[in-house]
Amino acid sequence: MISDPRTPLQQLPVMTYEQMLEKVRYEGACPTRERAEEAVRLILAGLGRQLTGDERVELAARLPFEAARVLTAQIPDTQPLTGWAFVRDLAARTGASLATTRWDTGAVFSTVATLAGPDLLTRMLRQLPSGYALLFGRAELTPPPERAVSIRRQARSSR
């Protein structure tokens, strides 16, 4: 993709792995840096099993090297998990409670969202099954059922 030289480039945040860990530690209220790193590795590995294609490549390019390596070392699952199933899977892998795993996921994903930027995050959420928007700190807006849409169209056309 070639950008127009007259338009300003979008500035995305850049952070080191240590800065990423500190952000997760602060937002996730982790007691130690080691605990924050454990959460980052677990959750990025889980995301690496869910995300594919260009979005996966672009996200890896925007993450600190150590985090990108964790994300890309995973082979994507053939059966994607919903957001809630993702949290349950991570909790089962670690033996942590669902509440703790959900909290940690939110802290890591909010940092990932910052690094990804709004456009890439939107594309990622379109690729992932339902339930991930809330984990990334966004509202999950679902399109109305097809029947409701067709009823509205008929009502407009009869006016």
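See the structure shown above.
This one's a predicted model, so the numbers in the text were calculated from it and none came from an experiment.

A. Structural detail: the packing of helix 3 (residues 53–62) against helix 4 (residues 65–72). In the contact formed by helix 3 and helix 4, the axes pass within 7 Å of each other and the chain directions differ by 155°. On the basis of the axis angle, helix 3 is roughly antiparallel to helix 4. Contacts between helix 3 and helix 4 involve Arg56, Leu59 and Ala60 from the former and Ala68, Leu71 and Thr72 from the latter. Of the residues that constitute the contact of helix 3 with helix 4, the class distribution is 4 nonpolar, 1 polar and 1 charged.

B. Representation of the side chain of Glu55 in the model. Of note, Glu55 is situated in helix 3. Residue classification places Glu55 among the buried positions, given a relative accessible area of 15%. Side chain to side chain, Glu55 and Gln127 meet in a polar contact 2.9 Å long. Apart from residues lying up to four places away in sequence, Glu55 is in contact with Leu120, Arg123, Met124 and Gln127.

C. The arrangement of the packing of aromatic side chains in detail. Applying the stated criterion across every chain yields a total of 3 aromatic pairs. Where Phe86 meets Phe109, the ring centres are 5.7 Å apart and the plane angle is 25°; that geometry is what we call stacked. Of the two residues, Phe86 sits in helix 5 (residues 83–94) while Phe109 sits in helix 6 (residues 98–116), which places them 23 residues apart along the sequence. On the basis of relative accessibility, which here comes to 1%, the residue Phe86 falls in the buried class. Joined through ring pairs, the aromatic side chains of Phe86, Phe109, Tyr132 and Phe136 make up one cluster.

D. Inspection of helix 1 (residues 17–27) at higher detail. Taken together, the buried positions of helix 1 are occupied by Tyr17, Met20, Leu21 and Val24. Viewed along the axis of helix 1, the buried residues span an arc of 100°, placing them on a single side of the element. Tucked inside the fold, the buried residues of helix 1 contact helix 2 (33–48), helix 4 and helix 6. At the exit of helix 1 stands Ala29, carrying a positive phi of roughly 55°.

Definitions and cut-offs
- Residues numbered from 1 in each chain as written.
- Predicted model: local features only at pLDDT ≥ 70, side-chain atom pairs only at ≥ 80, totals over all residues.
- Heavy atoms only, no water.
- Axes fitted to C-alpha atoms, helices over the stretch in contact; angles between N-to-C directions.
- Helix = DSSP H or I, 4+ residues; strand = E, 2+ residues; numbered from the N terminus.
- Parallel < 35°, antiparallel > 145°, perpendicular 65-115°, else oblique.
- Contact = heavy atoms within 4.5 Å.
- Nonpolar A, V, L, I, M, F, W, Y, C, P; charged D, E, K, R; others polar.
- Buried < 20%, exposed > 50% of the residue type's maximum accessible area, 1.4 Å probe, protein only.
- Polar contact = N/O pair within 3.5 Å; in protein donor to acceptor, adjacent residues only side chain to side chain.
- Phe/Tyr/Trp six-rings, centres within 6.5 Å; stacked < 30°, edge-to-face > 60°.
- Arc of directions from axis to C-beta.

Nothing here speaks to function; it is all geometry.
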